[in-house]
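# Structural characterization, general
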Amino acid sequence: MEGGFGMKITFSFGKNWKNYVKNVVDERVIQEAKESLLKYLPENGFKDKVFIDVGCGSGLFSFSAVLLGCKHVISFDIDPASVEATLLLKEKFSHILPSNYSWDIFQGNILDSSLVESLKEKGDIVYSWGVLHHTGKMWEAIKNTANLVKDGGYLILAIYNHAPSSEFWLKVKKFYNKHPLLQPLLIALYGSYATFGFMIRRKTLKFRRERGMHVFYDAIDWLGGLPYEFACFDEVKEYVENLGFNLINAPTKLPCGKGVKSNIFDKIRARNVGCNELVFQKVV
């Protein structure tokens, strides 16, 4: 449960997402993102529901929620460039949106109590994938996000796992943000390492990975992303269940690495530093 806040941050998630939308996203990527939502809930679970995307990033999963039949989608992000990325995505693929969709996109901060109050218990499905550990106040952000869920509604979270190398990567991220002149070189080096490693492990020439994501843009996101917090699966599960939820699905559960030593090669490989995925239902 360490933090990377309290220092200058020079990395923009939104800028990375805008480049991703411009250069990578096509209708096949959208289809992959749409299908990925179905590992959390069945397709009929989205029909005529209100979907809130906390930290919408590229807007890809908000777009997918519209395509799955949600009656209203609410997307917000603290980064104005992410809002621009979502609007760009909406415009770029407007031809495949249904005629009767309802979708609000705006800049907002999940730590803003007035925003949380305005959306309190408004969401049938509240989705926040890989976002809340970047707020600088992860547990407060999780609580605020949970407050947006209606009784009987669903909360879908992805939170960075506490891996043996998490503290190492916190130092790397701080170094990256502290030295903006070195960032192009670090992106080239680590992005190439991550991309070629992915291709070798998967025995593929494709750069796309799960959820319609792209290995190079994911590597940039990983390298620069601050604040950076993390927690073991059971810590997140216990915390959210104490807020009045039951865990109903866990598509990804990584081993807790708290107190576990790792060698430099495992640290560089970032073994098990990815996100635990948890799906909760609010108790009525």
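Everything below is about the structure printed above this text.
Cut-offs applied
Residues numbered from 1 in each chain as written. Predicted model: local features only at pLDDT ≥ 70, side-chain atom pairs only at ≥ 80, totals over all residues. Heavy atoms only, no water. Phe/Tyr/Trp six-rings, centres within 6.5 Å; stacked < 30°, edge-to-face > 60°. Helix = DSSP H or I, 4+ residues; strand = E, 2+ residues; numbered from the N terminus. Buried < 20%, exposed > 50% of the residue type's maximum accessible area, 1.4 Å probe, protein only. Axes fitted to C-alpha atoms, helices over the stretch in contact; angles between N-to-C directions. Parallel < 35°, antiparallel > 145°, perpendicular 65-115°, else oblique. Contact = heavy atoms within 4.5 Å. Nonpolar A, V, L, I, M, F, W, Y, C, P; charged D, E, K, R; others polar. Left-handed = near helix turned anticlockwise from the far one by under 90°. Pairing = 2+ DSSP bridges. Core = buried A, V, L, I, M, F, W, Y, C linked by side-chain atoms within 4.5 Å.

Tallied over the entire structure, the rule returns 13 aromatic pairs. On the numbers, 6.3 Å between centres and 65° between planes, the contact of tyrosine 40 with tyrosine 127 is edge-to-face. Note that tyrosine 40 is positioned in the loop between α2 (27–37) and β1 (50–54) and tyrosine 127 in strand β4 (residues 123–129), a separation of 87 residues in sequence. Accessibility assignment for this pair places tyrosine 40 and tyrosine 127 in one class, buried.

So, on to the packing of α2 against helix α3 (residues 60–67). At a minimum axis distance of 9 Å, the contact between α2 and α3 shows a crossing angle of 75°. Considering the angle they form, α2 stands roughly perpendicular to α3. Each of Val29, Ile30, Ala33, Lys34, Ser36 and Leu37 in α2 lies in contact with α3, whose residues at this interface are Leu60, Phe61, Phe63, Ser64, Ala65 and Leu67. Tallied by class, residues from the contact of α2 with α3 come to nine nonpolar, two polar and one charged.

Attention shifts here to the packing of helix α1 (residues 13–23) against helix α4 (residues 80–92). Between α1 and α4, the shortest axis-to-axis distance is 7 Å and the interhelical angle comes to 15°. When the axes of α1 and α4 are compared, the pair comes out roughly parallel. Crossing geometry of α1 relative to α4 is assigned as left-handed. Mapping the contact onto sequence places Phe13, Gly14, Lys15, Trp17, Lys18, Val21 and Lys22 in α1 and Ala81, Ser82, Glu84, Ala85, Leu88, Leu89 and Lys92 in α4. Residue classes in the contact of α1 with α4 are distributed as seven nonpolar, two polar and five charged.

We now examine the sheet that holds β1. Strands sit in the order β3-β2-β1-β4-β5-β7-β6 across an open sheet of seven strands; the sheet is mixed. In this open sheet, the two edge strands, each paired with only one partner strand, are β3 (103–107) and β6 (245–252). Within this sheet the neighbouring strands show an average axis-to-axis angle of 15°, counted without direction. Strand direction decides the pairing type here: β1 and β4, joined by three bridges, are parallel. Directly across from aspartate 53, in β4, lies its bridge partner tyrosine 127. Contacting β2 (72–77) and β3, α4 runs over the sheet at an angle of about 155° to β3.

On the secondary structure map, tyrosine 176 appears in helix α7 (residues 166–178). Residue classification places tyrosine 176 among the buried residues on the basis of a relative accessible area of 2%. On a C-alpha basis, the gap between tyrosine 176 and glycine 225 in space is 9.2 Å, while along the polypeptide they are 49 residues apart.

Right, let's get into the nonpolar core. Residues Tyr20, Val25, Phe46, Phe51 and Leu60 are the most contacted members of the largest nonpolar core, which totals 33 residues. Of all the secondary structure elements, the ones that give two or more residues to this core are α1, α2, α3, α4, β3 and β4. Of all the elements, α3 adds the most residues to this core, at five residues. Residues contacting valine 25, with those up to four places away along its chain left out, are Tyr20, Ile30, Leu60, Leu89, Lys92 and Phe93. Counting residues in hydrophobic clusters, the runner-up holds 29 residues, among them Val54, Ile110, Leu115 and Met138.

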